[in-house]
Amino acid sequence: IEFLNLSFPKVWIKVPWAFATDVAGFATDSTGKIDLSTNSTIRDILDVYAEDILANPDFVVYSYAINQNDVYVTAAPSTTVYLHYRKQETEFTSTLTTTLPYELKSYLAYQASADWLASEGQENKSLARQAKADDILMDLIDNFERQQQQTAQSRFGVRVLGVR
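Residues numbered from 1 in each chain as written. Predicted model: local features only at pLDDT ≥ 70, side-chain atom pairs only at ≥ 80, totals over all residues. Heavy atoms only, no water.

Novice: Please explain the overall build of the protein chain as it appears in this structure.
Specialist: Helix and strand counts for the protein chain stand at three helices and seven strands. For the protein chain, the sequential pattern of α-helices and β-strands runs α-β-β-β-β-β-β-β-α-α. Sorting the 164 residues of the protein chain into buried and exposed places 30% on the buried side. Contacts spanning at least 24 positions in sequence make up 74% of the contacts within the protein chain whose residues lie at least 6 apart. Working note: accessible area of the protein chain is about 10,800 Å², and carbon and sulfur atoms make up 49% of it. (Helix = DSSP H or I, 4+ residues; strand = E, 2+ residues; numbered from the N terminus. Buried < 20%, exposed > 50% of the residue type's maximum accessible area, 1.4 Å probe, protein only. Contact = heavy atoms within 4.5 Å. Areas by Shrake-Rupley, 256 points an atom, 1.4 Å probe, with all protein chains shown as cover.)

Structure (structure tokens):
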């Protein structure tokens, strides 16, 4: 369990995995501020949108600034905005009641065993396991990035000059 807790946060923040991110609406005050001091589910904010990006493929992205527990959305005072955020990663306990994300099981198994072998002084075996874990992770990231490109929308503008 200890070695899972070492490995899991590292892979959690590498990529905005679908299981690790979410979108939720938040109200801004008259200055465009969102107070997140009582929110324990958000780890990182990835973007701020005018509409829910999961429900509407045409969206407006707002610029924002973060100051400790507050998010300042520049173009959206007194309205609802949608935060695309990375969730807090899970901390594993001895009962292992938390489910591992299916996509990461192989990586985490190799990485945790590499960390354990290193702690036992078995450097050669640890390095071999670490290399295998890195290969699995690179394959996962490559697969994730290719899947994201399938859903990316392309917009083209055509301007015709001097047509007679």
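Novice: What exactly am I supposed to notice about the side chain of Ser 113 here?
Specialist: Mapped onto the elements of the fold, Ser 113 is located in helix H2 (residues 105-119). Of note is the side chain of Ser 113, whose polar atom sits 3.5 Å from the side chain of Arg 129. (Polar contact = N/O pair within 3.5 Å; in protein donor to acceptor, adjacent residues only side chain to side chain.)

Novice: Before we go on, may I ask you to explain the pattern of salt bridges in this structure?
Specialist: In a structure, side chains of opposite charge can pair up when their charged atoms sit close to one another. The final tally for this structure, using the stated rule, is two salt bridges. Here Arg 43 and Asp 44 are joined by a salt bridge, their closest N and O atoms 3.5 Å apart. Assessed through its relative accessible area of 28%, Asp 44 is described here as partly exposed. Between Arg 86 and Asp 44 there is a salt bridge, with the nearest N and O atoms lying 3.0 Å from each other. Of this pair, Arg 86 sits in strand S7 (residues 80-87) while Asp 44 sits in strand S3 (residues 42-49), and the two are 42 residues apart along the sequence. Here Arg 86 falls in the buried class, since its relative accessible area comes to 8%. (Salt bridge = Lys/Arg side-chain N within 4 Å of Asp/Glu carboxyl O.)

Novice: Whenever I open this one, the packing of aromatic side chains confuses me. Can you help?
Specialist: Within a pair of aromatic rings, the relevant descriptors are the distance that separates the centres and the angle that separates the planes. Scanning the entire structure with this criterion turns up zero aromatic pairs. Geometry around Tyr 110 places Lys 132 over its ring, the cationic atom sitting 5.9 Å from the centre. (Phe/Tyr/Trp six-rings, centres within 6.5 Å; stacked < 30°, edge-to-face > 60°. Lys NZ or Arg CZ within 6 Å of the ring centre and 35° of its normal.)

Novice: Which parts of the structure should I look at to understand the nonpolar core?
Specialist: Inside soluble globular proteins, nonpolar side chains tend to come together where they are buried. Among the nonpolar cores identified, the biggest contains 18 residues, and Val 11, Trp 17, Leu 104, Tyr 107 and Leu 108 are the most heavily contacted of them. Breaking this core down by element, the ones donating at least two residues are helix H1 (2-12), H2 and helix H3 (123-151). With six residues, the single largest contributor to this core is H3. Setting aside anything within four residues of it in sequence, one finds Val 11 in contact with Trp 17, Leu 104, Tyr 107, Leu 108 and Leu 137. (Core = buried A, V, L, I, M, F, W, Y, C linked by side-chain atoms within 4.5 Å.)

Novice: What should I look at first to understand H1 in this one?
Specialist: At 3.6 residues per turn, the α-helix brings residues three or four places apart onto the same side. Burial in H1 covers these residues: Phe 3, Leu 4, Ser 7, Phe 8, Val 11 and Trp 12. What you see down the axis of H1 is that its buried residues fit within an arc of 140 degrees, all on one side. (Arc of directions from axis to C-beta.)

Novice: Which parts of the structure should I look at to understand the sheet that holds S3?
Specialist: Backbone hydrogen bonds are what pair the strands of a sheet, in a parallel or an antiparallel way. Across the sheet, four strands lie side by side as S1-S7-S3-S4; this open sheet has antiparallel pairing. Pairing within the sheet leaves two strands with one partner each, and these edge strands are strand S1 (21-27) and strand S4 (61-62). Note: S3 against S4, two bridges, orientation antiparallel. Paired with Tyr 49 across the strands is Val 61, a residue of S4. (Pairing = 2+ DSSP bridges.)

Novice: In this structure, what is going on with H2? I would like to understand it.
Specialist: Under the 1.5 Å per step criterion, the end-to-end length of H2 is 21 Å for 15 residues, consistent within 8% with the ideal 21 Å. Taken together, the buried positions of H2 are occupied by Tyr 107, Leu 108, Gln 111, Ala 112, Ser 113, Ala 114, Asp 115 and Leu 117. (Expected span 1.5 Å × (residues − 1).)

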